[in-house]
Amino acid sequence: MTPNDPLLVDCDTGIDDALALLYLLADPGIDLRAITTVFGNTSAEIAASNTLRVLEHAGRLDIPTAIGADSSLRGTAQLAPHVHGDDGLGNTGLPCPVASPTTEPAAELIVRLARENPGRLHLLAMGPLTNLATAVLLDPELPGLVKHVTIMGGAVHHPGNVTPAAEANIANDPEAARLVLRAGWDVTLVPLDVTMTEVLTEDHRRRMLAGDAPTSRFAAEILEHYLDVYQRDVFGARQAACHDPLAAAIAIGEVCPVLAPIVAVDVDTTDGPARGKTIADTRGQYRGFPAQHGSRVRVALRTDGTFADRLVQRLCGFSSRCLDIA
Ligand code: BDR
Ligand code: CA
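Residues numbered from 1 in each chain as written. Chains lettered and ligands numbered in written order. Predicted model: local features only at pLDDT ≥ 70, side-chain atom pairs only at ≥ 80, totals over all residues. Heavy atoms only, no water.

**Side note on the site of ligand 1**
Around ligand 1 sit Asp16, Asp17, Asn41, His84, Met126, Met152, Asn161, Glu167, Ala168, Asn169, His243 and Asp244, and those are all the residues in its vicinity. At 2.9 Å from an oxygen atom of ligand 1 is found a main-chain nitrogen or oxygen belonging to Met126. Measuring from an oxygen atom of ligand 1, one finds a side-chain N or O atom of Glu167 at 2.4 Å. Surface burial for ligand 1 is 94%, taken as the share of its 280 Å² of free accessible area covered by protein chains. Comparing atom positions with the cavity grids shows ligand 1 to sit within the largest pocket. (Near = heavy atom within 4 Å. Polar contact = N/O pair within 3.5 Å; in protein donor to acceptor, adjacent residues only side chain to side chain. Areas by Shrake-Rupley, 256 points an atom, 1.4 Å probe, with all protein chains shown as cover. 1 Å grid on protein atoms, 1.4 Å probe; cavity = no way out; pocket = protein on both sides within 12 Å on 5 of 7 lines; lining within 4 Å. Sits in = over half its atoms within 2 Å of the grid points.)

Laid out in structure tokens, this is it:
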């Protein structure tokens, strides 16, 4: 992404979505034009409220938030209060946001911004891909108008996290994911293979809590619940995956994956045990991943494991910059 490129984030805010948004908002060089919300961690409406809470914290209510799909293309919705809390932000009991979402539906906003910025807009998807798929169905020329799409989702050589085979964002709407991955635009996929290896720990949380920036304390507060859940259900230790923040960092070019071949990727849309599995053709791994004709999906398979420190540093330095601007 070059510094003047506009960015639209589609998300299901969500604890790690909130951390990713704060990470992006902390960089005054990022032209974050709009945020659209989708069901996933919570409902699309609650995700919008949480997004507005984050924007309030960052002093950036000038960025519009639009509500999108509340269920998959098939009409299903499996939310995750057991991971992100009933309010989607770790049951932190935050007051209602003062601002409201825009009335423009998410998919229409995506199409409009792409048409207003032909060949320049970047999309960062951190939730189920229903809004992006709906936008492509609304305007089939959309893939030719968008510069790049970064997606947090999938599991290539790694087990799934909602089923043995599937990662949550893809599992929530496999049909949408397949449509988006086949749409003919340049995509970077950021799967569990890398997001599970970049972890925030209790030490990171303490550092954020001790920071004098209200934003880093907000981040520490919501992270507490996430660490509890990951300790209980995943790692058996007080550490949590950096899913969406890592995808954000890769989208803006601040993290360059050590290994990210361009390969063909498909999604299992059957109703069997592999539903929602991402199937990437990594058979070329022993030959340096020779080019695969027609593929436009770059899959991040390895990063260097140092991202969480950078994330914490950024969030600790954030509020002071934000207050200076205010
Ligand atoms: C993804 O699913 C959601 O719970 C997280 O916010 C992340 O986008 C991880 O599988
Ligand atoms: Ca998410």
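**What about the environment of Ala165?**
On the secondary structure map, Ala165 appears in the loop between β5 (146–152) and α7 (168–171). Classification of Ala165 as buried rests on a relative accessible area of 13%. It is 5.5 Å that separates the C-alpha atoms of Ala165 and Ala274, two residues lying 109 residues apart in sequence. Dropping the residues within four chain positions of it, Ala165 is found in contact with Gly160, Pro273, Ala274 and Lys277. (Helix = DSSP H or I, 4+ residues; strand = E, 2+ residues; numbered from the N terminus. Buried < 20%, exposed > 50% of the residue type's maximum accessible area, 1.4 Å probe, protein only. Contact = heavy atoms within 4.5 Å.)

**Points about helix α10 (residues 202–210)**
Those residues of α10 not exposed but buried are Glu202, His204, Arg205 and Met208. End-on, the buried residues of α10 take up no more than an arc of 155 degrees, which puts them together on one face. Residues of α10 that are exposed and angled more than 90 degrees away from the buried face: Arg206 and Ala210. (Arc of directions from axis to C-beta.)

**With respect to the coordination of the calcium ion (ligand 2)**
Each protein donor to the calcium ion (ligand 2) is listed here as Asp12 (OD), Asp17 (OD), Asp17 (OD), Met126 (O) and Asp244 (OD); together their distances run 2.2 to 2.7 Å. Mapped onto the polypeptide sequence, the residues donating to the calcium ion (ligand 2) form the spacing pattern D-x4-D-x108-M-x117-D. With Asp17 in helix α1 (residues 15–25) and Asp244 in helix α12 (residues 243–251), this pair connects stretches of sequence that are 227 residues apart. Neither residue differs from the other here; Asp17 and Asp244 are each classed as buried. (Donors = N, O, S within 2.8 Å, 3.2 Å for Na, K, Ca; no water.)

**Quick word on the packing of helix α4 (residues 106–116) against helix α5 (residues 130–138)**
When two helices pack together, their arrangement is given by the angle between the helix axes and the distance between those axes. Between α4 and α5, the least distance of the axes is 8 Å, while the angle of their chain directions is 60 degrees. Like other packed secondary-structure pairs, α4 and α5 cross with a definite hand, here right-handed. Here Ala106, Ala107, Glu108, Ile110 and Val111 of α4 lie close against α5, whose contacting residues are Asn131, Leu132, Thr134, Ala135 and Leu138. (Axes fitted to C-alpha atoms, helices over the stretch in contact; angles between N-to-C directions. Left-handed = near helix turned anticlockwise from the far one by under 90°.)

**Regarding the layout of surface pockets**
The computed volume of the largest pocket comes to approximately 830 Å³. Together, 40 residues line the largest pocket, and Ala80, Asn161, Val162, Glu167 and Ala168 are the ones closest to its centre. With five residues, helix α11 (residues 214–235) is the largest single contributor of residues to the lining of the largest pocket. In terms of residue class, the lining of the largest pocket is made up of 17 nonpolar, 15 polar and eight charged. (Points joined across faces, edges and corners; volume = space filled by probe spheres on them. Nonpolar A, V, L, I, M, F, W, Y, C, P; charged D, E, K, R; others polar.)

**A look at the environment of Ser49**
Structurally, the position occupied by Ser49 is in helix α2 (residues 44–58). A residue is classified by how much of its surface remains accessible, and Ser49, at 26% relative accessible area, is partly exposed. Expressed as a C-alpha distance, the spacing of Ser49 and Gly88, which sit 39 residues apart in the sequence, is 9.7 Å.

**A word on the nonpolar core**
Counting residues in each nonpolar core, the largest one holds 61 residues, and the members touching the most others are Val9, Leu25 and Leu124. Not counting residues up to four positions away in its chain, the partners in contact with Leu25 are Leu32, Val54, Leu55, Ala58, Arg60, Ile63 and Phe318. Core analysis: the second largest hydrophobic core is formed by 39 residues, Ala107, Ile151, Ile170 and Val299 among them. (Core = buried A, V, L, I, M, F, W, Y, C linked by side-chain atoms within 4.5 Å.)

**Some words on unusual backbone geometry**
Cis geometry marks the peptide bond from Thr13 to Gly14, where omega comes out at -5 degrees. Relative to the helices and strands, Gly14 resides in the loop between β1 (6–11) and α1. The phi dihedral of Phe289 is positive, around 50 degrees, even though this residue is not glycine.

Spatial relationships are all this shows, so hold off on functional conclusions.
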